[in-house]
Amino acid sequence: ACFASLVSQDYVNGTDQEEIRTGVDQCIQKFLDVARQTECFFLQKRLQLSVQKPEQVIKEDVSELRNELQRKEALIQKHLSKLRHWQQVLEDISVQHKKPAEMPQGPLAYLEQASANIPAPMKQT
């Protein structure tokens, strides 16, 4: 009904913007009222279920918590996998750039050593 009032030929041919806005606002309000009634219906059913079968509500809660734990565990495993990958990449880089005789002391020394291995830019002719 909300969209119908916007695209209806009756409104397009000779109705001002304020009339269209009022019609759409009324349709939206009706929609929201029906949504509230539907939500109220389901909340009442949920309340009846919790009174008649409290164990069912507990089972649902436990099931939701299990699903959430599984989802979080999968996320942790994914992050650990990425962390291991990047630790290996960093280890490989540090092994390639370190020489057995000289070990850099601190971040500045490591940066200086790493920048010394960068080739000089080529001159354009």
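Residues numbered from 1 in each chain as written. Predicted model: local features only at pLDDT ≥ 70, side-chain atom pairs only at ≥ 80, totals over all residues. Heavy atoms only, no water.

Naming follows an unreviewed UniProt entry, where the chain appears as Mediator of RNA polymerase II transcription subunit 28 of Drymodes brunneopygia. Quoted verbatim from the Subcellular location (unreviewed entry) heading of the UniProt record, the comment on the chain is "Nucleus". Reading the Sequence similarities (unreviewed entry) entry of the UniProt record for the chain gives the comment "Belongs to the Mediator complex subunit 28 family." (UniProt positions renumbered as here; feature names shortened; annotations may be inferred.)

## Considerations on the overall build of the chain
Helix and strand counts for the chain stand at five helices and zero strands. Mapped in sequence order, the helices and strands of the chain form the string α-α-α-α-α. Burial statistics for the chain: of 125 residues in total, 7% are counted as buried. Summing over all exposed atoms, the chain offers an accessible surface of approximately 11,500 Å²; the carbon and sulfur share of this is 60%. (Helix = DSSP H or I, 4+ residues; strand = E, 2+ residues; numbered from the N terminus. Buried < 20%, exposed > 50% of the residue type's maximum accessible area, 1.4 Å probe, protein only. Areas by Shrake-Rupley, 256 points an atom, 1.4 Å probe, with all protein chains shown as cover.)

## Notes on helix α3 (residues 17-52)
Over its 36 residues, α3 extends 52 Å from the first C-alpha to the last, a length consistent with the 52 Å expected when each residue adds 1.5 Å. Buried within α3 are the following residues: I20, G23, V24 and C27. (Expected span 1.5 Å × (residues − 1).)

## Let's talk about the packing of aromatic side chains
Under the definition given, this model contains one aromatic pair. Plain terms: the ring middles of F41 and F42 are 5.3 Å apart, the flat faces sit at 75° to each other, and that makes the pair edge-to-face. Take F41: its relative accessible area is 40%, and that puts it in the partly exposed class. (Phe/Tyr/Trp six-rings, centres within 6.5 Å; stacked < 30°, edge-to-face > 60°.)

## A few points about the side chain of S94
Summarising the element assignment, S94 is placed in helix α4 (residues 54-97). There is a polar contact of 2.9 Å between the side chain of S94 and the backbone oxygen of E91. (Polar contact = N/O pair within 3.5 Å; in protein donor to acceptor, adjacent residues only side chain to side chain.)

## Some thoughts on a nonpolar patch on the surface
A surface patch of nonpolar side chains, amounting to about 280 Å² of accessible area, comprises I28, F31 and L32. If you trace the backbone, I28 turns up in helix α3. Relative accessible area serves as the criterion here: at 36%, I28 is assigned to the partly exposed category. (Patch = residues over 30% accessible without salt bridge, like charges linked within 9 Å, V, L, I, M, F, W, Y side chains within 5 Å. Salt bridge = Lys/Arg side-chain N within 4 Å of Asp/Glu carboxyl O.)

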